[in-house]
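This is what each chain is made of:
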Amino acid sequence: MRPCLLLLLLHSLGPCHPILSPCPAGCCCPRPGVLVLCESLGLQALPRSVPLTTSALSVARNRLCNVDNVLWRYYSLQELSLSHNWLDRFPRGLPPSLESLQLGENRITYITAGALRHLGNLSRLDLEDNRIRAIQPGALLGLARLKMLSLKGNRLTSLPLHLPSSLRHLDVSANCISALDLASLATLVNLQVLKINSNCLRSVPEHAFDGLPRLRSVELANNLWVCECDIMYLYRWLLMDRLRMATDLVCTAPLHLAHKLLLTLSVMAICPKVLKPNERLAPLNITAASKFMLENHQNQTTKNPSSEDPLDPSSNSTQTPYSLAPEEEPKCVDNGTNFQTVLSSTAVPVGPLSPTRLLLLTAFLVLKSLVWRNQRIVPLPSSLSSQRNMGS
């Protein structure tokens, strides 16, 4: 007798106790009157014998199509799981005491403001893996205590408008979102985790994350990132001690950067046009300086109109080839051109050797060498006159 009594006691302490308190047929009640589990029973309607004092109810993995206005009498219900059913719209008439609602893997396509109007105590809402295409603007705004929202695996093309500022965790991954709306992010001042991976983002607008002071984790992988100038904000934002957030962003375009990690690229590779306005004008200064120096040199070499050019084959005068006398030594002739004056008059910017200024300096050195070489090779009018006098 005692072994049988002991067996009965052990059975009563098991995970399900349908003997000492009302429990729907086929359901499991680990905590009678508090926790009721009616999962995977093929139910097409809620059991009527669920105690009204139940605080946690799960009817997941059934065939429920409509539960409107069935649960409003459960004034103590705080946690409700309706996931893995056949619901095609958000349930109506849910009790306002709910704090956690799981509706994942149903067939919901649209969220209206009226369905959530009385759920002000909700702190967790799971709507992942449905068919949601749109959420009425402001439908979630009344959820002043909502901290966790999952819209993963739906068909959204943009972030919902007017999300509650209480949100700390937002998951909109695996949707069709192609752009981030600044207005949708502006109110999320308490957001800590943002999951927007596996979407269709090509870039992130300027200042998108600047108004999220508590943000500590962002998932952005598996998007259609175009690694051009429009992505520079995200590139710089990630480099500011945020490498742990998203280091696996892969470029899909342009073609020469496809399949490369964004954070391994240089600024010039991503956006060659990222230059300061004064640096963009530097090539114009080089052209102006070059033109001024060449014109100045031409004016100096043609200053004496009576002199004939010995290199001009059309000249009619008889010329003696110019050669240095044995006792003469080559000398650098100053034809009156002050190169330092030319340099100062062109107002070439001199400062820290950025790539643009280094190019500018190189151009001037080349021009200088050309000017001095021409001065050493081209005979000057004064030298030709002396040679002719010696010959006569």
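The structure presented is a predicted model; accordingly, all values stated were derived computationally and were not measured.

Cut-off values and rules
Starting afresh in each chain, residues are numbered from 1 along the sequence in its written order. This being a predicted model, a pLDDT of at least 70 is required before a residue's local features are given, and a value of 80 or more before pairs of side-chain atoms are given or counted; all residues contribute to the totals for chains, interfaces and linings. Computation of side-chain values covers all heavy atoms of the structure but excludes hydrogens and water. Note on terminology: disulfide denotes any pair of cysteine sulfur atoms within 2.5 Å. Any residue under 20% of the maximum accessible area for its type is buried, any over 50% is exposed, and the rest in between are partly exposed; the area is computed with a 1.4 Å probe on protein chains only. Across the chain, each position has a pLDDT score giving the predictor's confidence in that residue, from 0 to 100. Note on definitions: a residue-residue contact is assigned when non-hydrogen atoms from the two residues lie within 4.5 Å. If DSSP finds at least two bridges between two strands, the strands pair. Helix numbers and strand numbers start at the N terminus; a helix is a DSSP run of H or I with at least 4 residues, a strand a run of E with at least 2. A patch consists of residues exposed above 30% relative accessible area that lack any salt bridge, with like charges linked at up to 9 Å and nonpolar side chains (Val, Leu, Ile, Met, Phe, Trp, Tyr) linked at up to 5 Å. A 1.4 Å probe and the Shrake-Rupley method give the accessible areas. Residues count as covered only by the protein chains that appear here. For this document, the term salt bridge refers to a Lys or Arg side-chain nitrogen within 4 Å of an Asp or Glu carboxyl oxygen. His is not counted, nor are the chain ends, whereas Lys and Arg count as positive and Asp and Glu as negative. By convention, the charge on Lys lies at NZ, on Arg at CZ, on Asp at CG and on Glu at CD. A fitted line through C-alpha atoms represents every axis, and for helices the fit uses only the stretch in contact; the resulting angles, taken between N-to-C directions, go from 0 to 180 degrees.

1. A look at the state of the cysteines
As enumerated under the stated definition, the model contains four disulfides in all. A disulfide bridge connects C23 with C29, and the sulfur atoms are separated by 1.8 Å. On the S-S bond that ties C23 to C29, the torsion sits near 85°, and the link is right-handed. Residue C23 is classed as buried on the basis of its relative accessible area of 17%. Each disulfide pairs two cysteine sulfurs, and for C27 the partner residue is C38, the sulfurs being separated by 2.0 Å. Between C27 and C38, the S-S torsion sits near 115°, and that sign places the bridge as right-handed.

2. Looking at the confidence of the model for the protein
Across the protein, the average pLDDT comes to 78, with 67% of residues at or above 70. Counted against residues more than four places away or in other chains, residues 1–15, with its pLDDT under 50, gives six contacts. For the stretch residues 279–294, pLDDT sits under 50, and the model shows 20 contacts to residues farther than four places along the chain or on other chains.

3. So, the pairing of strand β1 (residues 28–31)
The sheet contact formed by β1 and strand β2 (residues 35–37) spans two bridges and is antiparallel. Counterpart to C28 in the pairing with β2 is L37.

4. Observations concerning a negative patch on the surface
On the surface, E206, D210, E228 and D230 cluster together into a negatively charged patch. Tracing the backbone shows D210 in the loop between β11 (193–195) and β12 (217–219).

5. Some thoughts on the sheet that holds β11
The mixed open sheet is built from 10 strands, whose spatial order is β1-β2-β3-β4-β5-β7-β9-β10-β11-β12. What marks the edges here is a single partner per strand, and that holds for β1 and β12. Ignoring strand direction, the axes of neighbouring strands in this sheet form an average angle of 5°.

6. A few points about helix α3 (residues 232–239)
Counting buried residues along α3, six of its eight residues qualify, which places the element largely inside the surrounding structure. Structurally, α3 contributes buried residues whose contacts are with β12, β13 (225–226) and α4 (267–270).

7. A short note on the environment of H118
Along the chain, H118 turns up in the loop between β6 (110–111) and β7 (124–126). By relative accessible area, which is 57% here, H118 ends up exposed. C-alpha separation for the pair H118 and G93, spaced 25 residues apart in sequence, amounts to 8.5 Å.

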